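# Reading the structure
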Amino acid sequence: MKKRIAIIGSGFSALASASYLAKEGHQVTIYEKNDTVGGRARQYKKDGFTFDIGPTWYWMPDVFERFFNDFDKRPSDYYTLEKLSPAYKVVFSETESILIEDTLTKIYAAFEAEEKGSSKQLEKFIAKAKSNYDIAIKDLVYRPGVSPLELITPETIKKIGAFFSTISKDVRKQFNNEKLIQILEFPVLFLGAKPSNTPAFYSFMNYADFGLGTWHPKGGMYQVVLGMKTLAESLGVKINTNANVEEILVQNNSATGLVVNGDKITADIVLSGADYHHTETLLPLKLRQYSETYWSKKTFAPSALLFYIGFDTPIINVEHHTLFFDVDFEEHSKAIYDDPQWPENPLFYASFPSKTDSSVAPKGKEAGIFLIPLAPGIEDTEAIRETYFKKIMTRFENLTNQKVQKNVIFKETYCLNNFIEDYNSYKGNAYGLANTLFQTAFLRPKLKSKTVKNLYFTGQLSVPGPGVPPSLISGKLVAGLIQKHNKN
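One structure accompanies this document, and this report is about it. (Residues numbered from 1 in each chain as written. Predicted model: local features only at pLDDT ≥ 70, side-chain atom pairs only at ≥ 80, totals over all residues. Heavy atoms only, no water.)

Here the focus is the overall build of the protein. Across its full length, the protein carries 16 helices and 19 strands. In terms of C-alpha radius of gyration, the protein reaches 22 Å, essentially the compact-globule figure of 23 Å for 488 residues. If one aligns the C-alpha atoms of the protein with their principal axes, the spans along those axes are about 65 × 55 × 45 Å. Within the protein, the proportion of its 488 residues that are buried is 59%. Relative to all contacts within the protein whose residues are 6 or more apart in sequence, the contacts with residues 24 or more apart total 73%. When the accessible area of the protein is evaluated, it comes to approximately 19500 Å², of which 50% is carbon and sulfur surface. Averaging the coordinates of the 57 positive side-chain charges in the protein and doing the same for the 54 negative ones gives two points 6 Å apart. (Helix = DSSP H or I, 4+ residues; strand = E, 2+ residues; numbered from the N terminus. Rg over C-alpha atoms; globule rule 2.2 N^0.38 Å. Buried < 20%, exposed > 50% of the residue type's maximum accessible area, 1.4 Å probe, protein only. Contact = heavy atoms within 4.5 Å. Areas by Shrake-Rupley, 256 points an atom, 1.4 Å probe, with all protein chains shown as cover. Lys, Arg positive; Asp, Glu negative; His and termini not counted. Charge placed at Lys NZ, Arg CZ, Asp CG, Glu CD.)

Together, L149, I152 and I157 give the surface a local cluster of nonpolar side chains, amounting to about 330 Å² of exposed area. With respect to the helices and strands, I152 occurs in the loop between α4 (118-136) and α5 (154-158). Overall, the relative accessible area of 52% leaves I152 in the exposed class. (Patch = residues over 30% accessible without salt bridge, like charges linked within 9 Å, V, L, I, M, F, W, Y side chains within 5 Å. Salt bridge = Lys/Arg side-chain N within 4 Å of Asp/Glu carboxyl O.)

Moving on: the sheet that holds strand β12 (residues 263-266). The antiparallel open sheet is built from three strands, whose spatial order is β10-β11-β12. Each edge of the sheet is formed by a strand with only one pairing partner; in this case those strands are β10 (245-251) and β12. Taking each pair of neighbouring strands and ignoring which way they run, the sheet shows an average axis angle of 30°. Two elements, strand β11 (residues 254-260) and β12, share four bridges in a ladder whose sense is antiparallel. Looking across to β12, one finds that V260 is bridged to D263. (Pairing = 2+ DSSP bridges. Axes fitted to C-alpha atoms, helices over the stretch in contact; angles between N-to-C directions.)

Attention shifts here to the packing of aromatic side chains. Evaluation of the coordinates by the stated rule reveals 48 aromatic pairs. Plain terms: the ring middles of F51 and F410 are 6.1 Å apart, the flat faces sit at 85° to each other, and that makes the pair edge-to-face. Here the residue F51 occupies a position in strand β4 (residues 49-52), and F410 occupies one in strand β18 (residues 408-414), the gap between them amounting to 359 residues. On the numbers, 6.1 Å between centres and 65° between planes, the contact of F68 with Y79 is edge-to-face. Placement of the pair is F68 in helix α2 (residues 61-69) and Y79 in the loop between α2 and β5 (81-83), with a sequence separation of eleven residues. Judged on exposure class, the residue F68 and its partner Y79 are both buried. Pairwise contacts between aromatic rings join Y20, Y58, F64, F67, F68, F71, Y78 and Y79 into one cluster. K23 extends its terminal NZ or CZ atom over the ring of F71, reaching a point 5.4 Å from the ring centre. In this structure, K411 is placed above the aromatic ring of F389, and the distance from its NZ or CZ to the ring centre is 4.5 Å. (Phe/Tyr/Trp six-rings, centres within 6.5 Å; stacked < 30°, edge-to-face > 60°. Lys NZ or Arg CZ within 6 Å of the ring centre and 35° of its normal.)

According to the stated counting rule, one finds 20 salt bridges in the structure shown. Where R4 meets D268, a salt bridge forms, and the shortest distance between an N and an O atom there is 3.2 Å. Placement of the pair is R4 in strand β1 (residues 4-8) and D268 in the loop between β12 and β13 (269-272), with a sequence separation of 264 residues. Using a relative accessible area of 25% as the deciding quantity, one classes D268 as partly exposed. The salt bridge partner of K106 is D102, with a shortest N-O separation of 2.9 Å. On the basis of relative accessibility, which here comes to 18%, the residue D102 falls in the buried class. Salt bridges here are not isolated pairs; linked through shared partners, they connect E96, E114 and K179.

Pairing of β10 with β11 involves six bridges; the strand directions are antiparallel. Bridging across to β11, I248 finds its partner in L258. Between β10 and β11, which pair antiparallel and follow one another directly, the connecting turn spans two residues, one of which, N252, has a positive phi of 55°.

Here we come to the side chain of T56. Tracing the backbone shows T56 in the loop between β4 and α2. A polar side-chain atom of T56 sits 2.8 Å from a polar atom in the side chain of Y349. Aside from chain neighbours lying at most four places away, what touches T56 is M221, H321, Y349, S351 and I369. (Polar contact = N/O pair within 3.5 Å; in protein donor to acceptor, adjacent residues only side chain to side chain.)

This part covers the sheet that holds strand β19 (residues 455-457). The five strands are arranged β9-β2-β1-β13-β19 in an open sheet whose pairing can be described as parallel. On the outer flanks of this sheet lie β9 (238-240) and β19, each paired with one strand and no other. This sheet shows a mean twist of 20° between the axes of neighbouring strands, independent of strand direction. The sheet strands contacting helix α16 (residues 468-485) are β1, β13 and β19, and the helix crosses β19 at an angle near 160°.

Now the structure itself:
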C-alpha cells in the first residue's frame, strides 16, 4: 500500500532510502535543516576554491555501482570517476615516506623495498582480506541487524576466529616493520575504532584499500550527493531544505508525522537519517529506546578538527591524499579513546584535491584540507583550533620541506561545535558509532524503533556502520524493512 513517508535529514543514507522507497511507489518527502542537501557531505566554496566539508575518500566503488544499478543506472550517469595514482602517500619523517600506488603489484613492490620478504606476507594477507570482503560486502552487510542469526552462515563459521582476534594482532603476527604495520592498520580507522579493538574480520578494509583502490569524483564527493539527489527527484522524492524538524508526532505509540519549522506535517511513516541520539530527543522521554547512560557507554568514532585552506601557490612534496604518521599513533589513539583530551602531538591527514582536479581551485593555486582526528565531547574553542593549526602547519612545513603559511589566502575551521550545530551530532562526533566487536550488526542501535510504531532509523549510528558505502547500504536496508512491514 502506498504510504506517506517523511524523512529527517538528507545525508547519504537518507537519500538512498528515499530513492528505494519512492521506487516502490511511496510518497516520500525529505526535511533537511540546512540550506543544502548532503548532511555531513556538504560543500564549501570561496574565491574560486571548492572543498568537500565531509568525506574526501571514495572507496568501495562496487557499493556505489550496486546502488545505482538497483535503479538501472550507473555512477557514470551522474559523475565522472578517476582512479588515483598514487592512491596516497604516507609520510613518516622528513626523509621517509611510502607511496601506495594504484595496483597490488606496485604495492607489493613498495612493501618489499621497505622490508625484505614482506611482499609474500602481504599477498597472503590480502588474499584473506579479499575473502572477508567477498563475505562481508557482497552479503553480510546487506542484512538488517535484526537477529544474531544473520551472522551465522557457512562462510562466517569458517571465519569465527577472525571475529575474536583483532586487526592489530593479525597484522603484527605477520609484519615486523612498524611503518608497514601503520599502513595496514590505517584503513580500519574509517570504521571508527582502534585497530586493537576492531575484529580481524574487518581486514576486508585492506582489500578495499589495496585491491579496489582510491578514486576521485570530478568536482569532489559532493557530485555523488548531487547525483543521488537527481536520482531521488526523478523518482518523485520531494526535498525541503531549511526545514528544521522540532518534534516527532506520536499518537497511541505510533508515529503520525513531524513538526517542521513550527508546522505539523502528517505522515504514515517517519524515517530519520539524522543523528540517532538527537532523533530520540524529538520523542517524549518514555518512548525513547536508549537512555543517556546507554549512549555515554558506547564507543563513538572520532570527531575531527578540519581546516579548509586556499593557498596562492601549488604545494609540493604531497599527493592528493597524504597521511602524516611522524608521531606516536598509540599516544594519539589514547587521547581519542582511553582518556579523551586534545592530543599533544596529533597525527593528521591532508588532502589536496586540486592535484587531481583543476576545477576545485583557481589556476596556479591549491586547495588544501587538513584533518586531525579527535575525541568527541572535548572542549572546542577558537584559541585551541588556532594552536593546533600552528602545530600541524609547522610540522607540515618541516616534513615537506617548504614554507606555506605565508601562502595562505584564507582558512576556515570546522570542529566539534560545528558538528553539533549543523548536524545535532552526539558529543560532536564526526563518523558515528565505532564498529567494535560489541557494536557490530545486531548489537548496534536498531533500524526500527522498538517503542514507536512506524518510526525507523538509518545512517552511521545504526546498521551497518560508519562511512559512505555503509550509509548507502543502511538506506537500502531500512527501505527493505519498511517495505516488508507494510506489504498489506
